[in-house]
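# Residue-level structural notes
So you can see what is in the structure, the chains are spelled out below.
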Amino acid sequence: MLQNVAVGRDNLDKYRAAAGDAAVEELRRLASTLQGLRVLHLNATAYGGGVAEILRSEVPLLRDLGIVARWKTIPGSNEFFAVTKAIHNALQGGTRGVTPAEWDIYEQTSVLAAAHVEESYDIVVVHDPQPLMLRHLVGRRDAIWIWRCHIDSSAPDPAVLARLVPLLSEYDAAVYTLGSFAPPDAPPARVEIIPPAIDPLSPKNMDLDEGVATEVLDWIGVDVTRPLLLQVSRFDHWKDPLGVIAAYRIVKRRMPEVQLALVGSMALDDPEGWQVYHEISSDAGDDPDIYLFTNLTGVGNIEVNAFQRHADVAIQKSLREGFGLVVSEALWKGTPVVAGRAGGIPLQLADGVGGYLVDSVEECAERVLELLRDPAAGRRLAHAGRELVRRRFLLPRLIGDELRLYADLLEQHPAPPRTLTAAGITGEDRDPVCGMRLHPDADHQLSHAGKRYRFCSASCAREFAQNPELFLRTASRGAP
Ligand code: UDP
């Protein structure tokens, strides 16, 4: 059985205060030609991790826009999810590979799941590798199929990618978070760059009174009078939790009162979680100032909200990262972030806004100390980060990008806007690194091979300058 995830319907107008009237009206315009469109989002889990987080908020809003949106998850055993995690790791550059027996398990479970795709859809969006094979097994059935990859797949294990290429070639389009993530020479021809976004109104991100946040953490057992460092993420080696503990220990030698909370959810489709949890627990030893929490011990959305709001510094020391929603989540709450220079994180901490990018444990500790010693500077940084999140990483922007893609693939374009949006964005000119739509006067520009390219920020321009070909291979595969 495919599991239907019941999420109801939301009201987009509630987002006017956070995202602006223009963004809401633009979504209604974009949806005007897509009324009654049947869209299925298919992934592997209804909770834990960024994909579930986004779909939980996005699907109810798509419904409010007149789209018949459904969210379903594929069934899978631990054995199956161990295989799909191996594929995930291989796409992120891991070297362990996937054995022939594991590919058999992948195929057998996919066949079982495919038998349960019964209804008809106009668009099927398949998230990440777990349900990837369903397009092949189900057949086109008059739908447009989009593969939405949330992983940094810029340097995948070639053998694993080779197995996936025939499956990918059957898709109408692939969506990646960054221009550099599309694996070289992999199908399909149509590639779109759309970074994820957070929901400012979800229980995790909604306004929460400081006093309430403090009481929640006090109840959990954190000493709310002492400085607190925080990393919220699945328990996964790519998120480098042991590196976070190492950085905390350096900080603690100079500031003994500091505490660290590692908050991690156990996603159904990530069987490595418990193994990494035990490694962290053993490394933390009997230090009473290291807290280890999971959703299974009652730390849910509101508690994460309280942690991200109350922490003095949020850390996200990822070694590889698709996007890292947690960075935007912390910035949205006015908390400065120190994070690994990986994947989509620099998009959110561009140009020294919001916090610091780091490349080592020592650098992480230095930056954390700097922020702990000068909280006012940290708050200023975070305030700028919150404004960046407001402009670029709130849900309405993500939904708009996706609706434009649907309309484009269906050739059902809405009438052009009567005026430019309040932000002055026409929607035509895109940053080749992050896919953002650019202001007509975006002033970050570079010339390469006789052509001028424009960018949303100096950091995107810098990334492009380091290796233009990485981004041009995507730009040339996008819409004309
Ligand atoms: N998350 C959570 N509880 C936890 C750990 C993570 O709710 O204990 C959420 C986190 O707030 C974020 C998502 O899971 O919304 C993780 O998304 P991200 O893009 O950071 O990483 P992913 O898990 O997709 O690699």
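Per an unreviewed UniProt entry, the protein goes by the name Glycosyltransferase and belongs to Glycomyces rhizosphaerae. Turning to the protein, the UniProt record has this under Subunit (unreviewed entry): "Homodimer."

This paragraph deals with the domain arrangement of the protein. One can read the domain layout of the protein as domain 1 (3-197 + 395-440) and domain 2 (210-391). Opposite the 24 residues of domain 1 that make contact, domain 2 presents 19 residues. Taken together, the elements giving at least two residues each to the side of domain 1 that touches domain 2 come down to α3 (50-64) and α4 (78-91). With five residues, α4 is the single largest residue contributor to the side of domain 1 that touches domain 2. Residue classes in the side of domain 1 that touches domain 2 are distributed as nine nonpolar, 12 polar and three charged.

With that out of the way, let us pick up the sheet that holds strand β6 (residues 173-176). In spatial order, the strands read β1-β3-β2-β4-β5-β6-β7; together these seven strands make up an open sheet with mixed pairing. Since the sheet does not close on itself, it has two edges, and those belong to β1 (3-4) and β7 (191-193), each with one partner. For β6 and β7, the ladder comprises three bridges, and the chain directions are parallel. The residue bridging Ala174 from the neighbouring strand is Val191, located in β7.

The next thing to look at is the UniProt feature "domain: TRASH" (unreviewed entry) in the protein. In the UniProt entry, the feature "domain: TRASH" (unreviewed entry) is given for residues 431-468. Helix and strand shares over residues 431-468 are 26% and 26% respectively, and the end C-alpha atoms of the span are 12 Å apart.

About the criteria used
Residues numbered from 1 in each chain as written. Predicted model: local features only at pLDDT ≥ 70, side-chain atom pairs only at ≥ 80, totals over all residues. UniProt positions renumbered as here; feature names shortened; annotations may be inferred. Domains from an automatic or database assignment. Contact = placed C-beta atoms within 7 Å. Helix = DSSP H or I, 4+ residues; strand = E, 2+ residues; numbered from the N terminus. Nonpolar A, V, L, I, M, F, W, Y, C, P; charged D, E, K, R; others polar. Pairing = 2+ DSSP bridges.

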